[in-house]
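Fold and contact review
Listed here are the chains, written in short residue letters.
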Amino acid sequence: YEISVRDWSSDVCSSDLGPDPGLVNVASTLAADHRVQAGLAPGDLASRVADLLAAHQVVGWMQGGMEFGPRALGHRSILAHPGSTAVRDRINQIKRRAPYRPLAPAVLTEHKSAFFTGPIDPYMNRTTSVRPAKAARIAGVVHVDGTARVQAVGPGRSLFRALLEAFAERTGLPLLLNTSLNLKGRPILRTAEQALAAFDELGLSVQIGRASCRERV
């Protein structure tokens, strides 16, 4: 018998098979401590969010069709800087998670071997070892046993990939902390209306939807 391991990291099959989040009137729901930029072009949106993530802000990210499957893969995600354990701890508080539970990274496919040793896929279904020389730089996504459950982001995932590229330009890190956009004990948020309602309850710094950026000031 011959056993081979397929490298799923270059698979371009998309998981965003669910419904689009829809639109919400951001002006009619604007709180006094919120600031909104609307009508942003995709490149401008990626650039603005990369700046916020590089500054260690915690971002709610809702773009395109909802993921089909058990993981948030860049369509209904909470995103953050992967190098900060303080940010990781804040997200665990936001989601009311036990502190020992790991948070996962999403990495640009072409940089995966620089940070991780084993095969990974686009669906965050495999656990692999983090290279010891890189672990301190991405401490927010390294589990206590030196592993991570990694999502590989290839060329077919336009805006999420553009965000990763923009973040890499600012920080030298081609990956982000990526966890599901939901409240404890509830499903991943499906619509823009649900995400807006959860903005304050989650305590996020920033909420991104389609071409808009809502920041807490």
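The structure presented is a predicted model; accordingly, all values stated were derived computationally and were not measured. (Residues numbered from 1 in each chain as written. Predicted model: local features only at pLDDT ≥ 70, side-chain atom pairs only at ≥ 80, totals over all residues. Heavy atoms only, no water.)

Per the counting criterion, the structure on display carries one aromatic pair. The interplanar angle of 40° and the centroid separation of 6.3 Å between the aromatic rings of Phe115 and Phe116 together place this pair among those described as tilted. Summarising the burial analysis for this pair, Phe115 and Phe116 share the class buried. A cation over an aromatic ring shows up here: Lys134 above the ring of Phe115, its NZ or CZ 5.1 Å from the ring centre. (Phe/Tyr/Trp six-rings, centres within 6.5 Å; stacked < 30°, edge-to-face > 60°. Buried < 20%, exposed > 50% of the residue type's maximum accessible area, 1.4 Å probe, protein only. Lys NZ or Arg CZ within 6 Å of the ring centre and 35° of its normal.)

A few words now on the sheet that holds strand β1 (residues 34–37). Here nine strands make up an open sheet; going across it, the order is β1-β9-β8-β2-β3-β7-β4-β6-β5 and the pairing mixed. The open sheet has two free edges, formed respectively by β1 and β5 (126–129), since each of these has just one partner strand. Here the strands of the sheet are splayed against their neighbours by 35° on average, with no regard to which way each runs. Examined bridge by bridge, strand β4 (residues 104–108) and strand β7 (residues 175–180) share four bridges and lie antiparallel to one another. Of the residues in β7, the one forming a bridge with Pro105 is Leu177. The strands touched by helix α1 (residues 42–54) within the sheet are β1, β2 (59–62), β3 (76–80), β7, β8 (206–209) and β9 (212–216), with β9 carrying the most contacts at an inclination of about 25°. (Pairing = 2+ DSSP bridges. Helix = DSSP H or I, 4+ residues; strand = E, 2+ residues; numbered from the N terminus. Axes fitted to C-alpha atoms, helices over the stretch in contact; angles between N-to-C directions. Contact = heavy atoms within 4.5 Å.)

Any link to function would need more than the numbers given here.
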